[in-house]
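# A structural walkthrough
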Amino acid sequence: MLQILIILLFQTVFVFGCGTPAVKPDTNRIVNGVDARPHSWPWQISLQVKHGSRYHHTCGGTLIGPRWVLTAGHCIWPGDVYRVLIGEHDMSVGEGTEQIHEILRIVVHPDWDIDHVAKGNDLTLLKLDKSPIMNDSVGVACLPQAGEILAHGTPCYITGWGNLYTHGPMPDKLQQALLPVVEYSECSRSDWWGNVVKTTMVCAGGDIVSGCNGDSGGPLNCLGQDGRWYIQGVTSFVSSSICNEVKKPTVFTRTSAFTEWISEVMLHY
Ligand SMILES: *[C@@H]1O[C@H](CO)[C@@H](O)[C@H](O)[C@H]1NC(C)=O
């Protein structure tokens, strides 16, 4: 009886525990964007928009609850039809791990304004039709504590199917790149992003050691001291001239500034 209980408990923790991928991400290589180890970021989703009768990848996103995906505000255009692809690694082949979900509700942050990107609030929550099956290729990321600020230089990873280099092609396989956090006081210097960057954002990367990977709406993944992966940012914008420009780090919506809004939406929608 006790054994069964312990097994049940273990399974519950395994299934609902956040930020603990069955396949560990490769965090050894400190090079520009590389193919991720398949399914080592099991919370990474592909947001796909319908064009005609087909769906196309348009943004990244993160599974943060059994039925909830966090992505960017600017990823959603009113009137467009979307779906969510989970458990994906290589877009060019059917690997048998993919799960496709319809979206029941789209909740764009009420203060997001496409005409004023620098105001921030670039967030959207998507409620899925039903909970995906959580297994070795699908799991949830952890949300940080409200107000948590990462130290300058914290090594985080951006993931996504975004361009490999400026105006380059979209890769088939999920990419990852190391992006160290740039603290607000540095990122907001006049020769960096200046007042475009707000305290509700987090900057990471911004020099040649970091890649040009990931894409809008996707996660900034940072390992917590408890050994779990936290989604500390949602990719919001990069320099329009070239990706990975010096002093122009990638700018993310800082998840820890929106934990209250996120939990309220997840509770009430
Ligand atoms: C996870 O679940 C999906 C959906 O049932 C399935 O296709 C896949 O094979 C399962 N296992 C892994 C390791 O992805």
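Data block above holds the structure.
Our subject in this report is the structure included herewith. (Residues numbered from 1 in each chain as written. Predicted model: local features only at pLDDT ≥ 70, side-chain atom pairs only at ≥ 80, totals over all residues.)

### Details of the overall build of the protein
Check the secondary structure of the protein and you find 3 helices and 13 strands. Across the 269 residues in the protein, those meeting the buried criterion constitute 42%. Look at the contacts in the protein between residues 6 or more apart in sequence, and 67% of them connect residues 24 or more apart. (Helix = DSSP H or I, 4+ residues; strand = E, 2+ residues; numbered from the N terminus. Buried ≥ 20, exposed ≤ 12 C-beta atoms within 10 Å, placed from the backbone. Contact = placed C-beta atoms within 7 Å.)

### Looking at the site of the ligand
Every residue near the ligand is listed here: Gly87, Gly96, Thr97, Gln99, Ile133, Asn135, Asp136 and Ser137. Taken together, the residues that form the shell around the ligand break down as 1 nonpolar, 6 polar and 1 charged. (Near = placed C-beta within 6 Å. Nonpolar A, V, L, I, M, F, W, Y, C, P; charged D, E, K, R; others polar.)

### Some points on the sheet that holds strand S2 (residues 44–51)
Spatial ordering of the closed barrel is given by S2-S3-S4-S7-S6-S5, a layout of 6 strands whose pairing is antiparallel. This sheet shows a mean twist of 45 degrees between the axes of neighbouring strands, independent of strand direction. With 3 bridges connecting them, strand S3 (residues 54–65) and strand S4 (residues 68–71) associate as antiparallel partners. Residue pairing in the sheet places Leu63 in a bridge with Val69 of S4. (Pairing = 2+ DSSP bridges. Axes fitted to C-alpha atoms, helices over the stretch in contact; angles between N-to-C directions.)

### As for the pairing of S3
In the sheet, S2 pairs with S3 via 8 bridges, with the strands oriented antiparallel. Each bridged residue has a counterpart across the sheet, and for Gln44 the counterpart in S3 is Thr62. What sits between S2 and S3 in their antiparallel hairpin is a turn of 2 residues, with Gly52 showing a positive phi close to 65 degrees. The hairpin turn running from S3 into S4, its antiparallel successor, is 2 residues long.

### Description of the nonpolar core
Within the largest apolar cluster, 58 residues are counted, with the highest numbers of intra-cluster contacts made by Ala141, Cys203, Ala204 and Leu220. When residues of this core are sorted by domain, at least three fall in each of domain 1 (2–20 + 43–140 + 258–268) and domain 2 (155–256). Excluding its chain neighbours within four sequence positions, the residues that come into contact with Ala204 are Cys156, Leu179, Pro180, Val181, Val182, Leu220, Pro249, Thr250 and Phe252. (Core = buried A, V, L, I, M, F, W, Y, C linked by C-beta atoms within 7 Å. Domains from an automatic or database assignment.)

### Notes on the environment of Asn121
Structurally, Asn121 is set in the loop between strand S6 (99–108) and strand S7 (124–128). The class for Asn121 is buried, based on 21 C-beta atoms found within 10 Å. Residues Asn121 and Met201, 80 residues apart in the sequence, show an inter-C-alpha distance of 8.7 Å. Excluding anything up to four places from it in sequence, Asn121 contacts Gly73, His109, Asp111 and Trp112.

### Focus: the pairing of strand S9 (residues 175–182)
With 8 of 8 residues buried, S9 lies mostly within the body of the structure. Relative to S9, strand S1 (residues 34–35) runs antiparallel, the two sharing 2 bridges. Considered in S9, the bridge of Val34 is made with Gln176. Pairing geometry for strand S8 (residues 155–160) and S9, over 6 bridges, is antiparallel. Across the sheet, the residue bridging to Cys156 is Leu179, located in S9. Relative to strand S10 (residues 201–204), S9 is paired through 2 bridges, and the arrangement is antiparallel. Residue pairing across strands places Val181 opposite Ala204, the latter belonging to S10.

### Comments concerning the environment of Val34
The topology assignment puts Val34 in strand S1. Judged by the 15 C-beta atoms lying within 10 Å of it, Val34 falls in the partly exposed class. Measuring from C-alpha to C-alpha, the distance between Val34 and Ala177 comes to 6.5 Å, with 143 residues separating the pair along the chain.

Read these as layout, nothing more, since geometry by itself doesn't imply function.
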